[in-house]
Amino acid sequence: MRIVVASGKGGTGKTTVATSLALTAGDSVRFMDCDVEAPNAALFLNPKLDTRKEVGIQLPVVDEALCTHCGKCAEVCEFHAIAVIGKKILVFPELCHGCGSCTLVCPEKAISERLDVMGVLESGMTPSGMDFAQGVMNVGEPMAVPIIRELKKWTPAHPFEIEIRDAPPGASCPVVETMRNADFILLVTEPTPFGLHDLKQVVGITHELGIPSGVIINRDGIGNNAVEAYCDEAGLPILLRIPMERRFAEAIASGRTLVDTALEYRAAFETLLQVITARVAK
Amino acid sequence: MKQLIVLSGKGGTGKTSVTAAFAHLAAQSNFANQVVLADADVDAANLELVLQPRLLEQEDFKGGKVAVINQDTCSACGDCQAVCRFDAINHADGLYVIDPIACDGCAACVYQCPSESITMREQIAGKFYFSESHYGPLYHANLFPGQENSGKLVTLVKQRARLQALDQNRELVIVDGPPGIGCPVISAVSGASLALIVAEPTVAGVHDMHRILQTVKHFGVRAVVCINKADIYPAGADEIEAFCRKNGIETVGRIPFDLTVASAMVAGEAVTAFRPQAPSSVAISAIWEKVVPALLE
């Protein structure tokens, strides 16, 4: 079973929920931090990261000796990442999506490919025996999606029953890539106008992907009850409420997980997992 | 003309609340009628929720294209699926179908299809808006859920804001930035005079602040740092200030944790306008007083 924890708005508590859910889910869990621009779950789960792999996209490399400057490669590139100017051929790595179309169409077979490193995948075990993996995008790189895609394909060291993916904020392509082929999406929001607005954005994605979802209201008690009203109207189940308590905020700030701070939440997260399992089985 | 961009790395640290307060404060200062606002967080565009602007114009934003298979001529050879690196082509019941959400728009399949059955179709990926707020013109947008090319839309929002400022001789563009460090952030940072980083004194906030500071530096933009929710974890706030001192980055103030910010959001107002005497309002006003000279430097 693959569960994605997403939110739309940043800072609503995705990592708080994902790490606590993972810690209560037993031994057979794989945790995947897909927020490759700002990966934070390791700060709470403290894995020993001992395996590493560089990832990125395949960039074209043109063999000038074979190239006839016919311009076919530039013609098929939708991203203007390769250009033929007179007898010169230029590749713009920052525009390339690594689709391989130029390589395929070159009549002289003059194009080969090399890995353009955009980030790394890292994995290891946490002290509690959980299999942990994360992607970390290099500073200055624009594209998160290829790193997330590779992370999802990365074969885990141990078999597992439950995969928990911590998603990036927002509602564009990196979030979609994180959600693809998931079984359930947990949407963490806060009961404020910002939280509601951005929740609606991600709900739109879950509908397009046809993946069942449920809502967690974090910092319950602040703002207003518009999130509740929306969930009611949209038929979205509210699966858990975590009240606004300063001691939670302080503990999480210092790098502690919610279930380690407030033991009573262990039972709540166990129930949450049972509810998700039942909904997925339906 | 100066461009101030508000960024954070980590989401939810308070970028939009600070931006809205700055818009209000600027309107009360020498910058009155000199400001253009831009919301560059196009997949979670929240600035309009606090500024409550009057919508003047809207346009469709054409994003990337997606491939579509003509099933009448498709011979179901599967070549398209073999060349697709984005796992966007599904095969079920003898048919090959493109998943528009997964399609990257590269058109590799178009050129490999032996029966020429695949074409590219343009998509409306979002909306682009021009509005009038109490504190000046606002350029904003809404990227439809799940769409690509948010960087392109951010660039469009910023370009229009800049042109408006040049057109009307306005001196300051204030940009509410997106979280993260990827393509929309890179688009948002380009051309900025100064970046204000809204940091959070949490282990996650500090980690992500390092990454956004490196990103901003990589693109040659100067940064100053303020600390929001500073009293939640004073050790974290001290760590941020020590790091900034050591690296020659100016810190421009601490904002205390204050639920007035959430109340202002519900009221649809900038916190400094909603309750000027609230601890967060007082702190943000003091930060604004420090950001202005840094911006003009």
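Residues numbered from 1 in each chain as written. Chains lettered and ligands numbered in written order. Predicted model: local features only at pLDDT ≥ 70, side-chain atom pairs only at ≥ 80, totals over all residues.

### Things to note about the nonpolar core
The tendency in soluble globular proteins is for nonpolar side chains to be buried as a group. Under the convention used in this document: Throughout this description, the term nonpolar core refers to a group of buried Ala, Val, Leu, Ile, Met, Phe, Trp, Tyr and Cys residues whose C-beta atoms join them within 7 Å. We call a residue exposed when 12 or fewer other C-beta atoms sit within 10 Å of its C-beta, buried when the count reaches 20 or more, and partly exposed for counts in between; the C-beta positions come from the backbone. In this text, helices come from DSSP runs of H or I with a minimum length of four residues, and strands from runs of E with a minimum of two, each type numbered from the N-terminal end.
Judged by nonpolar contacts, the single largest core of 184 residues is most densely connected at V5(A), I164(A), A23(B), C109(B), I174(B), I197(B) and V225(B). The element that contributes the greatest number of residues to this core is helix α1 (residues 15–27) of chain B, accounting for 7 residues.

### Some words on the interface of chain A and chain B
For the record, the criterion: Note on contacts: residues are paired as contacts if their backbone-placed C-beta atoms lie within 7 Å. Ten residue types, Ala, Val, Leu, Ile, Met, Phe, Trp, Tyr, Cys and Pro, are classed as nonpolar, four, Asp, Glu, Lys and Arg, as charged, and the remainder, Gly among them, as polar.
Taken together, the 53 residues of chain A in the interface contact 52 residues of chain B. Put simply, the parts of the chain that give the side of chain A that touches chain B at least two residues each are α4 (101–105), α6 (173–179), α7 (193–209) and α9 (246–253) of chain A. Residue contributions to the side of chain A that touches chain B peak at 10 residues, all from α7(A). A breakdown of the residues in the side of chain A that touches chain B according to their chemical character gives 25 nonpolar, 21 polar and 7 charged.

### Let's talk about the sheet that holds strand β10 (residues 223–227) of chain B
All names here are of chain B. To keep things clear, this is the line we draw: Two strands are said to pair when DSSP picks up at least two bridges between them. Convention adopted: a line fitted to C-alpha atoms gives each axis, helices being fitted over their contacting stretch, and angles between N-to-C directions are expressed from 0 to 180 degrees.
What the 9 strands build is an open sheet, ordered β3-β6-β7-β2-β8-β1-β9-β10-β11; its pairing is mixed. Among the strands making up the open sheet, the edge pair consists of β3 (54–69) and β11 (251–254). This sheet shows a mean twist of 20 degrees between the axes of neighbouring strands, independent of strand direction. With 5 bridges connecting them, strand β1 (residues 2–7) and strand β8 (residues 172–176) associate as parallel partners. For L4, the partnering residue across the bridge sits in β8 and is I174. Sheet contacts for helix α7 (residues 203–218): β1, β9 (194–199) and β10; angle to β9, the most-contacted strand, approximately 170 degrees.

### Points about α7(A)
All names here are of chain A. Formally: Take the residue count of a helix, subtract one, and multiply by 1.5 Å to get its expected span.
Look at α7: 25 Å from first C-alpha to last across 17 residues, which is about the 24 Å you get at 1.5 Å a residue. Inspection of α7 places P193, F194, G195, L196, D198, L199, Q201, V202, V203, I205 and T206 among the buried residues, and these make up the whole buried set. Just past α7, the residue G210 takes up positive phi, approximately 70 degrees.

### Concerning the sheet that holds strand β10 (residues 213–220) of chain A
Residue and element names in this part refer to chain A. In spatial order, the strands read β3-β6-β7-β2-β8-β1-β9-β10-β11; together these 9 strands make up an open sheet with mixed pairing. Either end of the sheet is taken by a strand with one partner, and the two such strands are β3 (48–62) and β11 (238–243). Within this sheet the neighbouring strands show an average axis-to-axis angle of 20 degrees, counted without direction. As paired elements, β10 and β11 share 5 bridges and run parallel to each other. The residue bridging I217 from the neighbouring strand is R241, located in β11.

### Some thoughts on unusual backbone geometry
Residues and elements named next belong to chain B. Even without being a glycine, Q52 presents a positive backbone phi close to 45 degrees. When you line up the elements, Q52 lands in the loop between α2 (47–51) and β3. In this structure Q52 comes out as exposed when scored by C-beta crowding, with 12 C-beta atoms within 10 Å. The backbone of D87 sits at a positive phi, close to 50 degrees, despite the residue not being glycine.

### Some remarks on the pairing of strand β9 (residues 184–189) of chain A
Look at any regular strand and the pattern is simple: side chains alternate between the two faces of the sheet. All names here are of chain A. For clarity, the threshold we go by: With the strands pointing away from the viewer, any crossover whose connection runs clockwise from the first strand over the helix to the second is right-handed.
Of all 6 residues in β9, 5 are buried, a share of seventy percent or more. Relative to β10, β9 is paired through 5 bridges, and the arrangement is parallel. By the bridge assignment for β10, L186 is matched with G214. Once you follow β9 into α7 and on to β10, the crossover reads as right-handed.

### Comments concerning the environment of A251(A)
Residues and elements named next belong to chain A. Locating A251 in the fold gives a position in helix α9. On the basis of neighbour count, A251 is assigned to the partly exposed category, with 19 C-beta atoms found within 10 Å. As for A251 and A262, which are separated by 11 residues in sequence, their C-alpha atoms are 9.6 Å apart.

### Let's talk about the packing of α7(A) against helix α8 (residues 226–234) of chain A
The description of two helices packed together rests on the angle between their axes and the distance between the axes. Residues and elements named next belong to chain A. Quick note on the threshold: By definition in this entry, angles of less than 35 degrees are roughly parallel, angles greater than 145 are roughly antiparallel, angles of 65 to 115 are roughly perpendicular, and the rest are oblique. For a crossing to be left-handed, the near helix must be turned anticlockwise from the far one by less than a right angle; the clockwise case is right-handed.
Interhelical geometry of α7 versus α8 gives an angle of 25 degrees and a closest axis separation of 9 Å. Relative to α8, α7 is oriented roughly parallel. In terms of crossing hand, the pair formed by α7 and α8 is right-handed. Counted together, G195, L196, L199 and V203 of α7 and A226, V227, Y230 and A234 of α8 form the full contact between these two elements. Along the lines of polarity and charge, the residues of the contact of α7 with α8 split into 7 nonpolar, 1 polar and no charged.

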